[in-house]
Amino acid sequence: MRKLCSLAALGVLMLSPALPAQHVSADGSMQTFNTLSEQFFSDVYFHFSPTAGTSTGLHQYDTQLEDYSAAGVQKQVAALHLFEKKIDAIDPSALDAPVAADREILLNNIRSSLLSLEVIRGWEKNPDNYSSGIAGSIFVIMSRDYAPVNTRLHAAIEREKLMPQVLLEGRKNLKNPPKIYTEIALEQIDGLVSFFQNDVPSAFSAATDPDTKAAFATSNAAVIEALKSYGAWMKSDLLPRSNGDYKFGADTFAKKLKYDEMVDIPLDRLLEIANADLHRNQAEFARVAKEVDPSKTPQEVLAQLATVHPAPDKLLQAFQDQFASLIAFIDSNHIITIPSKVEPTLEETPPFMRATTQASMDPPGAFETHSTKAYFNVTLPEKDWTPAHIAEHMAAFNVGTITSTAVHEAYPGHYVQFLWQPQFPSKIRKLIGANTNIEGWAHYCEQMMLDEGYLPPNTAASSREAKLIRLGQLQDALLRDARFVNSIKLHMGAFTFDQAVDFFVTEGYQSHAVGLMETKRGTADATYLYYTLGKLEIMKLRADLKTKQGAAFNLQHFHDDLMRQGFAPIKIIRKSMLHDDSSVL
């Protein structure tokens, strides 16, 4: 849903009066930057994306919806350029080091937004931005009990009233989408219709005010009809003329990586790094697989691993059972400080997210005060699935990947990082995040925990099950390695779509179905190399700090200090922790 909220950030509200852009002297720079950054969040960041405001816990935005019109996009572009000039005019040398870093983070965020709107132009290319965007706008209202149900339903109605116009703006804006983008939007549309038909009314079933319920019936029916009409239009009109190109090209890809992750390593060098990590993990997989069964190939052992999983009705409990052992291991081995004893709430993935999500962490927004639970969502097999479909689904929850998923999503991955959020040093560090930090941290933890000796309860270190757990972690690492390679090759035109799918299967050790889904994702989520890239950045930072500190190095202190930096790019964190500008890789 974080992705949906960001896709929805195309609208506009009236901006507050702005100061003229001018050079800012060193005197007063700190105050000027603080004022401008606050103004940016209030007048641009949330005003253009009220959905993100709701998600963050700022509920004054609940009744508003993004303006997806072309005119709205142009107003947003103008506002971003204005704030880019204002913030760029502030002399970073006149700021304290952490604030100077925040200035760089904010400038990069603005430039990334401009790249998306002016160059990548998803608002003209991706029809799913509109249909899934409105679903995300309702989901952030219905998914948390942050206010009485009648209050939240009123907000939902106000948003729903604006949704048919969003889909009309999509028809006006979409020029020549890539065929794969229109195909994905068509694949999604029936699920979105079902979401508004079933899930949205169910979420507000406890509402009691008859007038509000009647108004909701009217607004919700209008959204359903608008989505059905949008789907029919995509199929009959848009799909036949969807001949655009999804490829970013090397220049745009490199700029996006620079702005989002502060990584400016040449793409050919990044490919070398990706392939080297892929081959390391393949070699380690082969070594461990031979220990499991020397008579079988690594792929045959992988097929065997896919069958070792809990029964579907025991899956949630299998995750729950790992929490206590993970927490105990982290505490006793001084891995990281866990700021709270409250555990995340395990639940089944919401219905409309199940087609694309196996497991996810859904924490409350940085400023949410009334609904503070974090939800660990797990997708269970549907009741009407065939035995073969259930077996394929459960293969993703084998004995190894259950452990790596519990580590990635909860302890000490996403959930623990969320628990540190109150200690992040600024609003910028709480709201603007680099995926190489967020996903890189969670992916790093998968390997780090096993390297430090973690195993689930009643698992001997030399046992077959321990080896299968390592193979599950390596399979997940190979998936992320394949994303790394494919993201660059797809968008530079070095791989066709089908070649990318095959790469996931042959080199990433994934099923064809997974390879197809992952390649579809990669056409739009162009820089989804950030999992492995971030993991490698964190591992290099740790190694460099260990070299510098020698015997004084402490793993828990390293992890705690990393968390205190917030969601900043690793380059920013390196400068703070190492006090130099050495390469992130």
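Model, not experiment: these values are computed from the prediction.

Criteria and thresholds
- Residues numbered from 1 in each chain as written.
- Predicted model: local features only at pLDDT ≥ 70, side-chain atom pairs only at ≥ 80, totals over all residues.
- Heavy atoms only, no water.
- Helix = DSSP H or I, 4+ residues; strand = E, 2+ residues; numbered from the N terminus.
- Rg over C-alpha atoms; globule rule 2.2 N^0.38 Å.
- Buried < 20%, exposed > 50% of the residue type's maximum accessible area, 1.4 Å probe, protein only.
- Areas by Shrake-Rupley, 256 points an atom, 1.4 Å probe, with all protein chains shown as cover.
- Lys, Arg positive; Asp, Glu negative; His and termini not counted.
- Charge placed at Lys NZ, Arg CZ, Asp CG, Glu CD.
- Pairing = 2+ DSSP bridges.
- Axes fitted to C-alpha atoms, helices over the stretch in contact; angles between N-to-C directions.
- Polar contact = N/O pair within 3.5 Å; in protein donor to acceptor, adjacent residues only side chain to side chain.
- Expected span 1.5 Å × (residues − 1).
- Contact = heavy atoms within 4.5 Å.
- Core = buried A, V, L, I, M, F, W, Y, C linked by side-chain atoms within 4.5 Å.
- Phe/Tyr/Trp six-rings, centres within 6.5 Å; stacked < 30°, edge-to-face > 60°.
- Parallel < 35°, antiparallel > 145°, perpendicular 65-115°, else oblique.
- Nonpolar A, V, L, I, M, F, W, Y, C, P; charged D, E, K, R; others polar.
- Salt bridge = Lys/Arg side-chain N within 4 Å of Asp/Glu carboxyl O.
- pLDDT = per-residue confidence, 0-100.

### Structural notes on the overall build of the protein
A tally of helices and strands in the protein yields 25 helices and three strands. Scaling as 2.2 N^0.38, a compact globule of 585 residues should have a C-alpha radius of gyration of about 25 Å, and the protein matches this with 24 Å. C-alpha extents for the protein along the principal axes are approximately 65 × 65 × 50 Å. Burial statistics for the protein: of 585 residues in total, 56% are counted as buried. Looking at the protein as shown, the accessible area adds up to about 23,800 Å², and 53% of this sits on carbon and sulfur atoms. Computed over 55 positive and 69 negative side-chain charges, the inter-centroid distance for the protein is 2 Å.

### Observations regarding the sheet that holds strand β3 (residues 375–378)
Strand pairing within a sheet occurs via backbone hydrogen bonds; the two strands may be parallel or antiparallel. Reading across from one edge, β1-β3-β2 is the order of the three strands in this open sheet, with mixed pairing throughout. Edge strands, defined here as strands with exactly one partner in the open sheet, are β1 (345–348) and β2 (359–362). Strand after strand, the sheet turns through a mean of 25° between neighbouring axes, direction not considered. Where β1 and β3 come together, four bridges link them in parallel fashion. Opposite Glu-347, over in β3, you have Asn-377 as the bridge partner.

### What to know about the side chain of Glu-84
Mapping Glu-84 onto the fold places it in helix α4 (residues 70–88). The exposure class assigned to Glu-84 is buried, which follows from its relative accessible area of 17%. Side chain to side chain, Glu-84 and Arg-111 meet in a polar contact 2.8 Å long.

### Focus on unusual backbone geometry
Pro-412 follows Tyr-411 through a cis peptide bond whose omega is 0°. With respect to the helices and strands, the residue Pro-412 is situated in the loop between α16 (399–409) and α17 (414–419). Look at Arg-121: it is not a glycine, yet its phi comes out positive at around 55°. When you line up the elements, Arg-121 lands in the loop between α5 (97–120) and α6 (122–125).

### With respect to α4
For α4, built from 19 residues, the straight-helix expectation of 27 Å at 1.5 Å per residue is met to within 8% by its first-to-last C-alpha distance of 27 Å. Considered for burial, the residues of α4 that qualify are Gly-72, Val-73, Gln-76, Val-77, Ala-79, Leu-80, Phe-83, Glu-84, Lys-86 and Ile-87. Structurally, α4 contributes buried residues whose contacts are with α2 (29–45), α5 and α6.

### Description of the nonpolar core
Phe-196, Tyr-411 and Leu-471 are the most contacted members of the largest nonpolar core, which has 180 residues in total. Here this core takes 12 residues from helix α20 (residues 464–492), the largest share from any one element. Here Phe-196 is in contact with Ile-134, Ala-135, Ile-138, Glu-160, Met-163, Pro-201, Asn-220, Val-223, Ile-224 and Leu-227, once residues within four sequence places are set aside.

### So, the packing of aromatic side chains
For the coordinates displayed, the defined rule picks out 24 aromatic pairs. Taken together, a centroid distance of 5.7 Å and an interplanar angle of 40° make the contact between Phe-46 and Tyr-61 tilted. One end of the pair, Phe-46, is in the loop between α2 and α3 (50–56); the other, Tyr-61, is in the loop between α3 and α4, and 15 residues separate them in sequence. Its relative accessible area of 2% is what places Phe-46 among the buried residues. Judged by relative accessible area, which is 7%, Tyr-61 ranks as buried. Here the aromatic rings of Phe-285 and Tyr-509 are separated by 5.2 Å at their centres, their planes lie at 80°, and the arrangement is edge-to-face.

### Describing the environment of Ser-112
Considering the arrangement of structural elements, one finds Ser-112 in helix α5. Here Ser-112 falls in the buried class, since its relative accessible area comes to 8%. When sequence neighbours within four positions are dropped, the list of residues in contact with Ser-112 reads Lys-256, Tyr-259 and Asp-260. Within the structure, the side chain of Ser-112 is placed 2.5 Å from the side chain of Asp-260, a separation counted as a polar contact.

### A few points about the packing of helix α7 (residues 128–142) against helix α8 (residues 149–173)
Contact geometry of α7 with α8 gives a least axis separation of 9 Å together with a crossing angle of 170°. Taken together, the axes of α7 and α8 are roughly antiparallel relative to one another. Along the contact surface, α7 presents Tyr-130, Ser-131, Ile-134, Ser-137, Ile-138, Val-140, Ile-141 and Met-142, while α8 presents Arg-152, Ala-155, Ala-156, Arg-159, Glu-160, Met-163, Val-166, Leu-167, Glu-169, Gly-170 and Asn-173. Residue composition of the contact of α7 with α8, grouped by class: 11 nonpolar, four polar and four charged.

### Some details on α7
Three- or four-residue spacings in an α-helix give side chains the same orientation, since the helix completes a turn every 3.6 residues. Taking 1.5 Å of rise per residue, 15 residues should cover 21 Å, and α7 covers 21 Å from first to last C-alpha, within 8% of that figure. Extensive coverage of α7 is indicated by the burial of 15 of its 15 residues.

### What to know about the pattern of salt bridges
Per the counting criterion, the structure on display carries 30 salt bridges. Ionic pairing is found between Glu-84 and Arg-111, a salt bridge with its closest N-O pair at 2.8 Å. One end of the pair, Glu-84, is in helix α4; the other, Arg-111, is in helix α5, with 27 residues separating them in the sequence. The class for Arg-111 is partly exposed, based on a relative accessible area of 24%. Here Arg-521 ties to Asp-525 by a salt bridge, and the two come within 3.0 Å at their closest N and O atoms.

### Thoughts on the pairing of β3
The alternating pattern of β3 places Tyr-375 and Asn-377 and Phe-376 and Val-378 on opposite faces, both of which are buried. With four bridges connecting them, β2 and β3 associate as antiparallel partners. Across the sheet, Asp-362 pairs through a bridge with Tyr-375, a residue of β3.

### What about the confidence of the model for the protein?
For the protein, the mean per-residue pLDDT works out to 92, and 95% of the residues sit at or above 70. Here residues 1–25 is a poorly scored stretch, pLDDT under 50, and it has 65 contacts once near neighbours within four places are set aside; other chains count.

### So, the packing of α2 against α4
When two helices pack together, their arrangement is captured by the angle between the axes and the distance separating the axes. At a minimum axis separation of 11 Å, α2 and α4 run at an interaxial angle of 170°. Relative to α4, the element α2 lies roughly antiparallel. Along its contact with α2, which presents Phe-33, Leu-36, Gln-39, Phe-40 and Val-44, the element α4 presents Ala-79, Leu-80, Phe-83, Lys-86 and Ile-87. Split into classes, the residues belonging to the contact of α2 with α4 amount to eight nonpolar, one polar and one charged.

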